[in-house]
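# Summary of the model geometry
Take a look at the letters that make up each chain.
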Amino acid sequence: MQTRIPRLVLLLAAAAFCGEARADTEHDRLREALRSATMQTRQLEDQRAASQAKLAEAEKEKAALKAQIDAAKSEARRLEKQHREAVDEFNQRLTERDETLEKWKSAYEEAANVARAKDAERAKFEGEATAYKASTKSCQAKNVQLIKDGNEILKRYRSLTVGDAFVASEPLTGLGRVDAQNFLQDSTDKLLDQKATQ
């Protein structure tokens, strides 16, 4: 546009020089055209300056928006990194919790096995204690019976007289001897019955 305006000005100036001889109206008309062209030139210059100002403002806005976009991208990358770190930390904690849980399960199983073994041992010892108590009662009862049988033998031995000894050793019928041997066998059987067994 700048090339068109100077041509117009030159044409107008040339026309003004050539046409001096022409009438005043022609001169006035050319002067008016020159004024009009000058005004148009000024208006175009003003429009160009306004357009350049708008372009500069648009460039500034573009730069500001680009800076905002870059900041937003940077913030998005930071947030994504934080998110990844948080997910990694959560997964690590979850893994540690699972490992701890497995350790607790293992320790619980071990404790339960020990408790079962101790319960089995206790039950065995209680069974043995019950058996020993029964055995002790049986031994005590047999001991009482042994004392009774021993006292009976001693009583018979103390009450033995010479006549009883003669009858027991009488060789002809041997009845006394059989009676003494039967008593001795019965007494031996009674004593053996009272023998403590485990």
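Here the structure is a predicted model, which means the values were calculated and not measured.

### Here we look at the overall build of the protein
Of the regular secondary structure elements, the protein holds four helices and zero strands. Taken from the N to the C terminus, the helices and strands of the protein come in the order α-α-α-α. Relative to its full complement of 198 residues, the protein shows a buried share of 8%. Residue pairs at least 24 apart in sequence account for 69% of intrachain contacts in the protein once pairs closer than 6 positions are excluded. Total accessible area computed for the protein in this model is approximately 17,300 Å², and 59% of it derives from carbon and sulfur atoms.

### Structural notes on the confidence of the model for the protein
Here the protein shows a mean pLDDT of 81. Residues at 70 or above account for 76%. No element of the protein has a lower mean pLDDT than helix H1 (residues 4–18), at 60, and none a higher one than helix H2 (residues 24–158), at 89.

### Considering the pattern of salt bridges
All chains considered together, the criterion is met by 10 salt bridges. For Lys66, the salt bridge goes to Asp70, with nearest N and O atoms at 3.4 Å. Residue Lys66 and its partner Asp70 are located together in helix H2, separated by four residues, close to a single helical turn. Here Asp98 and Arg97 are joined by a salt bridge, their closest N and O atoms 2.8 Å apart.

Scoring rules and cut-offs
The residue numbers shown here count from 1 along each chain, following its written sequence. In keeping with the predicted nature of the model, local features appear solely for residues at pLDDT of at least 70, side-chain atom pairs appear and are counted solely at 80 or more, and the whole-chain, interface and lining totals rest on all residues. In computing side-chain values, all of the structure's heavy atoms are included and hydrogens and water are not. Strands here mean DSSP runs of E at least two residues long; helices mean DSSP runs of H or I at least four residues long; both are numbered from the N terminus. In this scheme, a residue with accessible area under 20% of its type's maximum is buried, one over 50% is exposed, and one in between is partly exposed, where area comes from a 1.4 Å probe on protein chains only. In what follows, residue pairs with any heavy atoms lying within 4.5 Å of each other are defined as contacts. Accessible areas in this description were obtained via Shrake-Rupley with a 1.4 Å probe; residue shielding takes into account the shown protein chains only. Looking at any residue, its pLDDT shows the predictor's confidence there, from 0 to 100. Every case where a carboxyl oxygen of Asp or Glu lies within 4 Å of a side-chain nitrogen of Lys or Arg is listed as a salt bridge.

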